[in-house]
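Tertiary structure, described
Here are the chains, one letter per residue:
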Amino acid sequence: MNLKSGVRNVKQSETPSALTILFGATGDLAKRKLYPSLYRLYRKGHLSSGFAVIGTARREWDNDIFREHVKKSVMESTAVQEQIDEFISHFYYLPHDVSDSDSYVALRTLANDLDNKYALGGNRLFYLAMAPEFFGTIADHLKEDGLTDTEGFGRLVIEKPFGHDLPSAQELNEQIRRSFDEKDIYRIDHYLGKEMVQNIEAIRFANALFEPLWNNRYISNIQITSSETLGVEERGGYYETSGALKDMVQNHMLQMVSLLAMEPPISLQDDDIRREKVRAFRSMRPLTLETVNDYFVRGQYGPGEDGMLGYREELNVNPESNTETYVAGKVMFDNFRWAGVPFYIRTGKRMPLKSTKIVVQFKDIPMNLYYRPDDQEMEPNLLVIHIQPEEGITLHLNAKRAGHQLQTTPVKLSYANSGVDVMNTPEAYEKLIHDAMRGDSTNFTHWDEVALSWSFVDVIAEAWRNEKAAFPNYPAGTKGPKASDELLEKDGFFWWPMNMLDVNICN
Ligand code: BG6
């Protein structure tokens, strides 16, 4: 086999013509992310003239209202509006009741018509952008009412949350597997569509520099932070049932952990990457009800400055809520590569800044020949992966201080992606939709990963459910509870302050 041929090339294929049937077409996700992403794909020429979208939801809209809605959502997200009218002419709307067979029969008729009109070859993407309790019913109907019965592909794209614990995720999975094979199920974790999350593999496996050092011999700990300035906004009802653990840790945070921890795959094909991620999940040290508090801590924001509300005062939140809005934890891998290296994760709402970063801290050199002015300790080497809002990598090194023979000064080598959307998320959706259309499931979560991450998280959730926390324990707008710092201190580490990790600042 020619090692240089790159299996990736196989996946760079043309986007096939396809019909997207969108459930939840009047919803927030469709408006903020999906329509602008489809438009960008269209503008970049990734959707051929052979594409059509049927939007469904309960509202009694018609094609005209729907097209105006799509147009407005695109115009709110981008200054460029070329070909917008041509773009929206591919959108069709059907009012829909998810549990009524007649609705599906009408949907099938329209889908078949559009298949002919746009020559779509029977390729269908069923995108469920709505409350998960309907996923099973919809999947059943799609099969029973003949929507999946075409010559082309039938893929199911589903949004999180995929269950709220392992048993509910299993039940949901069994339901959708009655109608779709695992290979046709695309479970979205939008972090996997982020440019720099996808870059983790390239940084590790395309550089002779890092992979040889990527183990417990040279790395002392890895820190992953995803902080948000927003509170729960109008999502209190959902958030009360989820909390930061299920909202962020079970999916996005553990996905990043698995990409950092996995062994090199034998190719970049989805199955090969997935196999290694699953192996990484399997080697995570499981927690028990007794050990949870040694590894994980939680927080909830109280009122902050400038009238910022505490979590318990937010809309649809129980005034005595025990729900965490912050989680910090230590994940250990019991395998040869990582034995003894903590992977620290933290995520929270109402933090001082919106930022997602990974810091790989290398071990100290065995003997210190140099010193820094004022007896400061020499800093360890760090590799910082900036996921958002800036995108790039920074390598923290020590260099000789000019003119001072024995003194060192920290220097940073930075590479920053430019010209990307600040929030980055629409980009992520754009990539993921494109991948689903092309049949590349690399950046979607396989059932095995979902199951393993739920079984890890379920124990934490259970321990916390049984024990009421002393909430609130951090004011809105601050960096989280003290316990989070103590988690690292007891191992002799500290969280690298976010502001010293900026891409562009040189010390
Ligand atoms: C979502 C969570 O999955 O991710 C939200 O449900 C969270 O609560 C969001 O705000 C964070 O995504 P991003 O891309 O803004 O970091």
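These notes cover the structure that comes with them. Not measured: the values here are computed from a predicted model.

**Details of the sheet that holds strand 14 (residues 392–400)**
- Ordered in space as 8-10-11-7-12-13-14-15, the eight strands form an open sheet in which the pairing is mixed. Of all the strands in the sheet, the pair left with one neighbour each is strand 8 (296–299) and strand 15 (408–416). Within the sheet, the average angular offset between the axes of one strand and its neighbour, ignoring direction, is 15°.
- With respect to the sheet, helix 8 (residues 195–205) is in contact with strand 12 (355–362), strand 13 (382–388) and strand 14, its orientation differing from that of strand 13 by roughly 150°.
- Helix 13 (residues 447–466) contacts strand 8 and strand 10 (326–331) of the sheet and is inclined by roughly 55° relative to strand 8.

**Re the pattern of salt bridges**
- Within this structure, the stated rule accounts for 30 salt bridges.
- Between Glu195 and Lys431 there is a salt bridge, with the nearest N and O atoms lying 2.6 Å from each other. Taken together, the residues Glu195 in helix 8 and Lys431 in helix 12 (residues 425–438) connect sequence positions 236 residues apart.
- You can call Lys431 buried: its relative accessible area is 19%.
- Linked by salt bridges that have partners in common, Arg204, Glu211, Glu263 and Arg337 make up one network.

**Quick notes on the sheet that holds strand 6 (residues 185–187)**
- One open sheet accounts for six strands, arranged 3-2-1-4-5-6; its pairing is parallel. Of all strands in the sheet, those with a lone pairing partner are strand 3 (91–95) and strand 6, marking the two edges. Strand-to-strand twist in this sheet, taken as the mean axis angle between neighbours without regard to direction, amounts to 20°.
- Inspection of the sheet shows strand 2 (residues 51–57) paired to strand 3 by five bridges, in the parallel sense. Within strand 3, the residue paired with Val53 across the bridge is Phe91.
- In the packing of helix 3 (residues 63–77) onto the sheet, the strands contacted are strand 2 and strand 3, and the crossing angle to strand 3 comes to about 125°.
- In the packing of helix 6 (residues 135–144) onto the sheet, contacts are made with strand 1 (18–23), strand 4 (124–128) and strand 5 (154–158), and the angle to strand 4 comes to roughly 160°.

What counts as what
- Residues numbered from 1 in each chain as written.
- Predicted model: local features only at pLDDT ≥ 70, side-chain atom pairs only at ≥ 80, totals over all residues.
- Heavy atoms only, no water.
- Pairing = 2+ DSSP bridges.
- Helix = DSSP H or I, 4+ residues; strand = E, 2+ residues; numbered from the N terminus.
- Axes fitted to C-alpha atoms, helices over the stretch in contact; angles between N-to-C directions.
- Contact = heavy atoms within 4.5 Å.
- Salt bridge = Lys/Arg side-chain N within 4 Å of Asp/Glu carboxyl O.
- Buried < 20%, exposed > 50% of the residue type's maximum accessible area, 1.4 Å probe, protein only.

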